Amino acid sequence: MSSDGFADVAGVVRRRSGIVLTDDKAYLLETRLGPVLQKFGLASIGALGAKLRQRPDETLERAVVEALTTHESSFFRDGKPFDHLAKQLPRMLAPGRTGPLRIWSAACSTGQEPYSIAMLVADALAGRPGPKVEILATDISGDVIGRAKQGVYTQFEVQRGLPIRSLVKYFKQDGAKWRINPDISAMVRFEERNLLADLSSVGKFDAIFCRNVLIYFDAPTKTRVLDALAKRMNPDAVLYLGGAETVLGLTNRLVPVAGERGAYGVSEQRAAA
């Protein structure tokens, strides 16, 4: 693979998704772009880079980004954020609340995260009436959004993090797979969306999950995304990041939630602005 081919592909991926591909990630191009090369009749990564360099091609660029985006997910992954949200839900769902409860699962991948959130909400309501619940689930990849909408998972996938009680309560067996119940899927709306685009149209949220996304960005892009997310948060909202991610040194709009790893609230400075 030529260095020119790598640079051209990496440039497209960074421009469209914010993901920074360093030289040590060259193996990803070799392992993940084979189907793209075959689909577009290209002989090598170098040929792909040359084609990307020659002229803009929306379909090709989109295919490249989809192939190189990581979509690792599991139910209740890294349980601490879900434990913290479960403690907040009685307050968020308290009688007399005006307006819907709104939670955003950004970079939702194949849907395990937003469905996990919906199950927590269902547990918190325990069948009693409550406010309208809107869970927005977004991802840059149209392919994984399509998969997530189906709400169907393999035995291996439901065994990764999903308590047996939740499996029995919220899923139905469908042949060799498991299908999420309609009352859970009805809480979730899936959209293809890029975190680098204008986010003003999504509205404000009581909680945002954006986990294991910032690790792929450079510092200026991290700041850009964090500031954009902070603007989408209600004053008492919580932002959940991945365990290896932080807002420190990147933005003054968000501050750590005391005693909680990976949870951040809106800073008083931003709230007063």
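Cut-offs and rules
Residues numbered from 1 in each chain as written. Predicted model: local features only at pLDDT ≥ 70, side-chain atom pairs only at ≥ 80, totals over all residues. Heavy atoms only, no water. Axes fitted to C-alpha atoms, helices over the stretch in contact; angles between N-to-C directions. Helix = DSSP H or I, 4+ residues; strand = E, 2+ residues; numbered from the N terminus. Parallel < 35°, antiparallel > 145°, perpendicular 65-115°, else oblique. Left-handed = near helix turned anticlockwise from the far one by under 90°. Contact = heavy atoms within 4.5 Å. Nonpolar A, V, L, I, M, F, W, Y, C, P; charged D, E, K, R; others polar. Buried < 20%, exposed > 50% of the residue type's maximum accessible area, 1.4 Å probe, protein only. Pairing = 2+ DSSP bridges. Core = buried A, V, L, I, M, F, W, Y, C linked by side-chain atoms within 4.5 Å. Phe/Tyr/Trp six-rings, centres within 6.5 Å; stacked < 30°, edge-to-face > 60°.

(A) Expanded view of the packing of helix H4 (residues 45–54) against helix H5 (residues 58–68). Remark: H4 packs on H5, axes separated minimally by 10 Å, with the N-to-C direction vectors making an angle of 135°. Comparing their axes, H5 and H4 come out oblique. As H4 runs across H5, the sense of the crossing is left-handed. For the pair H4 and H5, contact is made by Leu-48, Lys-51 and Leu-52 and by Leu-60, Glu-61 and Val-64, respectively. Residues that form the contact of H4 with H5 fall into these classes: four nonpolar, no polar and two charged.

(B) A look at the pairing of strand S5 (residues 177–180). Only one face of S5 is covered, namely the face carrying Trp-178 and Ile-180; the face carrying Lys-177 and Arg-179 is uncovered. Where strand S3 (residues 152–154) meets S5, three bridges bridge the pair, whose relative direction is antiparallel. Residue pairing in the sheet places Val-152 in a bridge with Arg-179 of S5. As paired strands, strand S4 (residues 171–174) and S5 are joined by four bridges and run antiparallel to one another. The partner of Asp-174 across the bridge, within S5, is Lys-177.

(C) Structural detail: the nonpolar core. Formed by 48 residues in total, the largest nonpolar core has its most connected members in Val-9, Leu-33, Leu-48, Val-64, Leu-68, Trp-104 and Leu-239. Look past the residues within four positions of Val-9 in its chain and what remains in contact with it is Leu-29, Leu-33, Ile-45, Leu-48, Leu-52, Val-64 and Leu-68. By size, the runner-up hydrophobic cluster in this structure holds 40 residues, among which are Leu-93, Val-121, Leu-125 and Ile-135.

(D) Highlighting unusual backbone geometry. One non-glycine residue, Asp-78, lies in the positive phi region at around 50°. Judged by relative accessible area, which is 35%, Asp-78 ranks as partly exposed. The residue Asn-212 is not glycine, and still its phi comes out positive at about 60°. By the element assignment, Asn-212 lies in the loop between strand S7 (205–209) and helix H12 (219–231). Take Asn-212: its relative accessible area is 26%, and that puts it in the partly exposed class.

(E) Main features of the packing of aromatic side chains. If you walk through the whole model with that rule in mind, you get eight aromatic pairs. Between Phe-75 and Tyr-153, the aromatic rings sit 5.1 Å apart at their centres with planes inclined by 75°, giving edge-to-face as the arrangement. Placement of Phe-75 in the loop between H5 and helix H6 (80–92) and of Tyr-153 in strand S3 is noted, with a sequence separation of 78 residues between them. Like Tyr-153, Phe-75 is buried. Ring centres of Tyr-115 and Phe-190 lie 5.6 Å apart, and the angle between their planes is 70°; on these two criteria the pair is classed as edge-to-face. Residue Tyr-115 is found in helix H7 (residues 112–125), and its partner Phe-190 is found in strand S6 (residues 188–192); the two are separated by 75 residues along the sequence. In textbook terms, an aromatic cluster arises when at least three aromatic residues are bridged by ring pairs, as seen for Phe-75, Tyr-115, Tyr-153, Phe-171 and Phe-190.

(F) Layout of the sheet that holds S6. Judged by pairing direction, the sheet is mixed, and its seven strands sit side by side in the order S6-S2-S1-S7-S8-S10-S9 without closing on themselves. For this open sheet the edge positions go to S6 and strand S9 (254–256), each flanked by a neighbour on one side alone. Between one strand axis and the next, the sheet turns through 25° on average, direction left out of account. Where S7 lies against strand S8 (residues 233–240), four bridges are found, and the strand directions are parallel. The residue bridging Ile-208 from the neighbouring strand is Leu-239, located in S8. Strand contacts of H7: strand S1 (101–106), strand S2 (133–139), S6 and S7, with the helix running at about 155° to S1, the strand carrying the most contacts.

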